[in-house]
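The lines below spell out each chain.
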Amino acid sequence: MASNDILSTKEGSISISHYGDTANAPYGEKTPEQIATFSAQGINRAFKDGAEVVFIACNTASTQYEAIKKILNQTHPGRGERIVSIIDSSVQELKKQIDAKLKTQNNVQVAILATPATIKAGAYLRALATAYSATVIATPLTHHTQPRWYKQKGNEVVSAAAPATLQLAQGKTITISQVGPANWVDMIEHGASAAEKSQAIARDLALLAPKAQWEVVGEFCTHFPAIDGMIKIEATKLGLASPQTSYIKQGPLMATIFRAMMKPRFTGKPSKPARLIRAKIYISGTNLQETSQLAKEVFPQDPAPAIQQLSFQ
């Protein structure tokens, strides 16, 4: 989720709104072409409503970053240059944490938790390999057909997993567990109980994750912070994580990028502390109540969000 924060200074203010394409969710089981098309529709709606810059705060959508830019520029030349992907910043943070461990050890165990489409696209594996100029030793992608929790969209989902190793210079390696559970986003979006979500997380981690003890976990789906505590508990129970395991959540990373981009607008110090108003959340689906509850879970200290159903086409 995201909030509509108003940062007030002597020079002006910034408004932030969130657009969630809940009608077409989950993107994690869509084709690359569908992901690019749906994402471009939502982004164009945000620009139509007056956005200056759009952050693609969805990992699955960000795997189609170049395709989305092309679609945007076809109808509005230059618009594709005003969008920001979440993947680059996340890989920078992931590399920072891995580098700290490689100073004292030769191998680091990493987990990438994402949607099946993000895992299939291999976006994080490629970006991390590029960052290290590393050789990739990948195993074939495996698919696991499972019962769908949200029956309104069918009876089955297909989860994905793809372990890989990056060979670095000086004999160092990074072992990566790529885990793509298919049910988690729907369960978060459509109000599964805590018990149901915990059971699904335990089941899917046991099914999809190779036996290893992760040192760094990237929660590379922006829905996953809503179940962060459950992921930590179940991963530890299964021996996949320890109390020393570090977890990357992407909200703070995007906030850092946003602050850096907006800083030139505010040349002076705020005349008073930033003022938080009710969030503005626009969704394309009908799950207003579930979205409101999710916002409360993710931002328990914030005012209740204002949620509006809106066509993205």
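Just so it is clear, the structure is predicted and the values come from calculations on it, not from any experiment. (Residues numbered from 1 in each chain as written. Predicted model: local features only at pLDDT ≥ 70, side-chain atom pairs only at ≥ 80, totals over all residues. Heavy atoms only, no water.)

For the structure shown, the criterion picks out one cavity of 30 Å³ or more. Roughly 50 Å³ of volume is contained in the largest cavity. Lining the largest cavity we find Pro26, Gly28, Glu29, Thr115, Pro116, Pro181, Ala182 and Val185. Looking at the lining of the largest cavity residue by residue, the class counts come to five nonpolar, two polar and one charged. (1 Å grid on protein atoms, 1.4 Å probe; cavity = no way out; pocket = protein on both sides within 12 Å on 5 of 7 lines; lining within 4 Å. Points joined across faces, edges and corners; volume = space filled by probe spheres on them. Nonpolar A, V, L, I, M, F, W, Y, C, P; charged D, E, K, R; others polar.)

Bringing the packing of aromatic side chains into the picture now. Using the criterion set out here, one finds six aromatic pairs in the structure. Look at Trp149 and Tyr150: their rings are 6.3 Å apart centre to centre, the planes differ by 25 degrees, and that puts the pair in the stacked class. Look at Tyr150 and you get buried, because its relative accessible area is 16%. A connected cluster of aromatic rings, assembled from ring pairs, spans Tyr19, Tyr282 and Phe312. The ring of Tyr132 has Lys95 lying over it, and the distance from NZ or CZ to the ring centre is 4.7 Å. Over the ring of Tyr247 we find Lys232; its NZ or CZ atom is 5.1 Å from the centre of that ring. (Phe/Tyr/Trp six-rings, centres within 6.5 Å; stacked < 30°, edge-to-face > 60°. Buried < 20%, exposed > 50% of the residue type's maximum accessible area, 1.4 Å probe, protein only. Lys NZ or Arg CZ within 6 Å of the ring centre and 35° of its normal.)

With 34 residues, the main nonpolar core has Ile98 and Leu166 as its most contacted residues. Looking at this core, the elements with two or more residues in it are helix 4 (86–102), strand 4 (107–113), helix 6 (123–132), strand 8 (164–167), strand 9 (173–180) and helix 10 (250–262). If we skip the residues at most four places from it in the chain, Ile98 touches Val108, Val110, Leu128, Tyr132 and Ile174. (Core = buried A, V, L, I, M, F, W, Y, C linked by side-chain atoms within 4.5 Å. Helix = DSSP H or I, 4+ residues; strand = E, 2+ residues; numbered from the N terminus. Contact = heavy atoms within 4.5 Å.)

Our focus in this paragraph is the packing of helix 4 against helix 10. When two helices pack together, you describe them by how their axes are tilted relative to each other and by the distance separating the axes. Closest axis-to-axis distance for the helix 4/helix 10 pair is 10 Å, and the angle between their directions is 110 degrees. In this view, helix 4 runs roughly perpendicular relative to helix 10, as classed from their interaxial angle. Contacts between helix 4 and helix 10 involve Ile86, Ser89, Ser90 and Glu93 from the first element and Gln250, Leu253, Met254 and Ile257 from the second. When its residues are assigned to classes, the contact of helix 4 with helix 10 shows four nonpolar, three polar and one charged. (Axes fitted to C-alpha atoms, helices over the stretch in contact; angles between N-to-C directions. Parallel < 35°, antiparallel > 145°, perpendicular 65-115°, else oblique.)

For the rest of this paragraph, the subject is the side chain of Ser39. When you line up the elements, Ser39 lands in helix 1 (residues 32–48). Note on Ser39: relative accessible area 6%, which makes it buried. A distance of 2.7 Å separates the side chain of Ser39 from the backbone oxygen of Ile35, its partner in a polar contact. Discounting residues that sit within four places of it in the chain, Ser39 has contacts with Tyr27, Ala61 and Ile68. (Polar contact = N/O pair within 3.5 Å; in protein donor to acceptor, adjacent residues only side chain to side chain.)

Right, let's talk about helix 10 for a bit. The end-to-end C-alpha separation of helix 10 is 18 Å, in line with the 18 Å expected for 13 residues at 1.5 Å each. For helix 10, every residue scored as buried is listed here: Gln250, Leu253, Met254, Phe258 and Met262. In a view along the axis of helix 10, the buried residues occupy a sector of 160 degrees, so they form one face of it. Away from the buried face of helix 10 by more than 90 degrees, exposed residues Pro252, Arg259 and Ala260 are located. Residues of helix 10 that are buried sit in contact with strand 2 (54–56), helix 2 (59–62), helix 4, helix 6, strand 10 (216–219) and strand 11 (246–248). (Expected span 1.5 Å × (residues − 1). Arc of directions from axis to C-beta.)

Taken as a whole and assessed by the stated rule, the structure comprises 10 salt bridges. Glu81 is the salt-bridge partner of Lys69, the closest N and O atoms lying 3.5 Å from each other. In this pair, Lys69 is assigned in helix 3 (residues 65–75) and Glu81 in the loop between helix 3 and strand 3 (83–85), connecting sequence segments 12 residues apart. For Glu81, a relative accessible area of 52% translates into the label exposed. (Salt bridge = Lys/Arg side-chain N within 4 Å of Asp/Glu carboxyl O.)

The three strands are arranged 1-12-13 in an open sheet whose pairing can be described as parallel. Every interior strand has two partners, whereas the edge strands, strand 1 (18–20) and strand 13 (306–309), have only one. Sheet twist, expressed as the mean angle between neighbouring strand axes with direction ignored, is 20 degrees. Summarising the sheet, strand 12 (residues 280–283) and strand 13 pair through four bridges and their orientation is parallel. Each bridged residue has a counterpart across the sheet, and for Ile283 the counterpart in strand 13 is Gln309. (Pairing = 2+ DSSP bridges.)

That bond from Ala25 to Pro26 is cis: its omega, 0 degrees, falls within 30 degrees of zero. Mapped onto the secondary structure, Pro26 falls in the loop between strand 1 and helix 1. In this structure, Ser133 takes a positive phi of about 50 degrees despite not being glycine. Along the chain, Ser133 turns up in the loop between helix 6 and strand 5 (135–138). For Gln170, which is not glycine, the phi torsion reads 60 degrees and is therefore positive. By secondary structure assignment, the location of Gln170 is in the loop between strand 8 and strand 9. Judged by relative accessible area, Gln170 falls into the exposed class, the value being 75%.

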